[in-house]
Amino acid sequence: MKKKFPIVFGVVIILLATMLLLFVSIPQYAKKAPPPPSPPVAKKRKSMPAPAPALPDLSETVENELKKLTLGRILFNVPQEMKVGTKERVEVRIAKNFTENLSTGLRGHGIPQIEEIKVNTLMGVRLNGDNFDIKALSHEEQIVAGDGFTQWDWNVTPLKSGIQSLLLTVTLRIKIPNYGEERKDYPVFERRIKVKVNPPYAIKKFIESYWQWIVTVILIPMIGWFVNKWRKSRKKK
């Protein structure tokens, strides 16, 4: 019995030592084991901005805005006949309402003509014509209020006889969404005028243009002829 005890004790010691070695070595192997791979992270794509909406057609937009404008009236009194060198007053009046008497207090001698026209708050009127001296007496662009009328004035002097033309252009300014401000020209009002010859004015313009030639060729020889004649008459006496 005594001989078996050391053997058993030795076996127990060996078992305990083996267990101790396993206990120490297992955590070391666990530390050295690589961690499991992490799942791949999906990359976030940059969101593209939404495309800007297409702008509507400009011509179509302009027509739609014109339809919203108020229907008003325009008066102009371009004379049917004029004389070369004689100044005439030409007037244009624009009103938004139809109750206003546009013909009251006109200074020009032309027969007033009234037509319907689309009217906006800011409008411009121009008067042009070849062979005319045209002087504007008011601003080209003016405000057309809701009451009353707005007036444009010119002094017009024909420079050449015959059938001449005066051109009246009306422009309105409108705001177009997404485009800003645009100008719209109405079809030109054209009036053909019979300009008569004015002899006194023609003689005056001839003298103003050729006075040096008149003095050199006509007046000086005439003065010399009279001086010589006067001297001869004195010698006879």
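Please refer to the structure higher up on the page.
Right, let's walk through the structure included here. Worth saying up front: this structure is predicted, and the values here are computed from it rather than measured. (Residues numbered from 1 in each chain as written. Predicted model: local features only at pLDDT ≥ 70, side-chain atom pairs only at ≥ 80, totals over all residues. Heavy atoms only, no water.)

**Examining the overall build of the protein**
Selection rule: The helix count covers DSSP runs of H or I at least four residues long, the strand count covers runs of E at least two residues long, and both are numbered beginning at the N terminus. For each residue, the accessible area found with a 1.4 Å probe, counting protein chains only, is set against the maximum for its type, and the residue is called buried under 20%, exposed over 50%, and partly exposed in between. Contacts were defined at the residue level, with two residues in contact if any of their heavy atoms lie within 4.5 Å.
When you go through the protein residue by residue, the secondary structure sums to three helices and 11 strands. Overall, the protein shows an N-to-C arrangement of helices and strands of α-α-β-β-β-β-β-β-β-β-β-β-β-α. Within the protein, buried positions represent 27% of all 237 residues. Sequence separation of at least 24 residues holds for 69% of the intrachain contacts in the protein that already meet a minimum separation of 6.

**Quick notes on a nonpolar patch on the surface**
The cut-off we apply is this: Within the patch definition used here, like charges are joined within 9 Å and nonpolar side chains (Val, Leu, Ile, Met, Phe, Trp, Tyr) within 5 Å, considering only residues with over 30% relative accessible area and no salt bridge. Computed by Shrake-Rupley with a 1.4 Å probe, the accessible areas treat only the displayed protein chains as cover when residues are assessed. In the sections that follow, a salt bridge refers to a side-chain nitrogen of Lys or Arg positioned within 4 Å of a carboxyl oxygen of Asp or Glu.
On the surface, Val217, Ile218, Leu219, Met222, Ile223, Trp225, Phe226 and Val227 cluster together to form a nonpolar patch covering roughly 740 Å² of accessible area. You can see Leu219 is positioned in helix H3 (residues 199–236).

**What to know about the nonpolar core**
Operational definition: What makes a nonpolar core is a set of buried Ala, Val, Leu, Ile, Met, Phe, Trp, Tyr and Cys residues whose side-chain atoms join them at distances within 4.5 Å.
Ranked by internal contacts, the top residues of the largest apolar core, which has 30 residues, are Val92, Ile94, Trp154 and Val170. Here this core takes six residues from strand E9 (residues 162–176), the largest share from any one element. Val92 has contacts with Ile74, Leu75, Phe76, Val125, Thr150, Gln151, Trp152, Trp154 and Leu168, leaving out every residue within four places of it along the chain.

**Section: the packing of aromatic side chains**
So the rule is basically this: Ring pairs shown here join Phe, Tyr and Trp side chains whose ring centres sit within 6.5 Å, with only the six-membered ring taken for Trp; geometry is labelled stacked below 30 degrees between planes, edge-to-face above 60, and tilted in between.
For the structure shown, the criterion picks out one aromatic pair. With a centroid separation of 5.4 Å and 45 degrees between ring planes, the pair formed by Phe76 and Phe189 is classed as tilted. Pair noted here: Phe76 is in strand E1 (residues 70–76) and Phe189 is in strand E11 (residues 189–196), with a separation of 113 residues, a long-range link. Like Phe189, Phe76 is buried.

**Describing unusual backbone geometry**
Positive phi, close to 65 degrees, is recorded for Asn131, a residue that is not glycine. Relative to the helices and strands, Asn131 resides in the loop between strand E5 (122–128) and strand E6 (132–136). When its relative accessible area of 32% is taken as the criterion, Asn131 is described as partly exposed.

**Re the environment of Arg191**
We apply this condition: Pairs of N or O atoms within 3.5 Å make up the polar contacts considered here, provided that, within protein, one atom can donate a hydrogen while the other can accept it, and that residues adjacent in sequence are counted only when both atoms are side-chain atoms.
Tracing the backbone shows Arg191 in strand E11. Overall, Arg191 belongs to the partly exposed group, its relative accessible area being 21%. For the pair Arg191 and Leu166, spaced 25 residues apart in the sequence, the C-alpha separation amounts to 5.4 Å. If we ignore the near neighbours within four places in the chain, the residues touching Arg191 are Phe76, Val78, Gln113, Glu115, Gln164, Ser165 and Leu166. Looking at Arg191, its side chain comes within polar contact range of the side chain of Gln113, at 3.4 Å.

**Some remarks on the pairing of E9**
Applicable threshold: Pairing between two strands is assigned when DSSP locates at least 2 bridges connecting them.
One ladder, built from six bridges, connects E5 with E9; its direction is antiparallel. Residue Asn128 lies in a different strand from E9, and its bridge partner there is Leu167. Of the strand pairs in this sheet, E9 and E11 are connected by seven bridges, and their pairing is antiparallel. Note on E11: the bridge partner recorded for Gly162 is Val195.

**Regarding the pattern of salt bridges**
Counted by the stated rule, this structure contains five salt bridges. A salt bridge links Lys196 to Glu81, with the nearest nitrogen and oxygen atoms 3.2 Å apart. One end of the pair, Lys196, is in strand E11; the other, Glu81, is in strand E2 (residues 81–83), with 115 residues separating them in the sequence. Exposure remark for Lys196: the relative accessible area of 36% places this residue in the partly exposed category.

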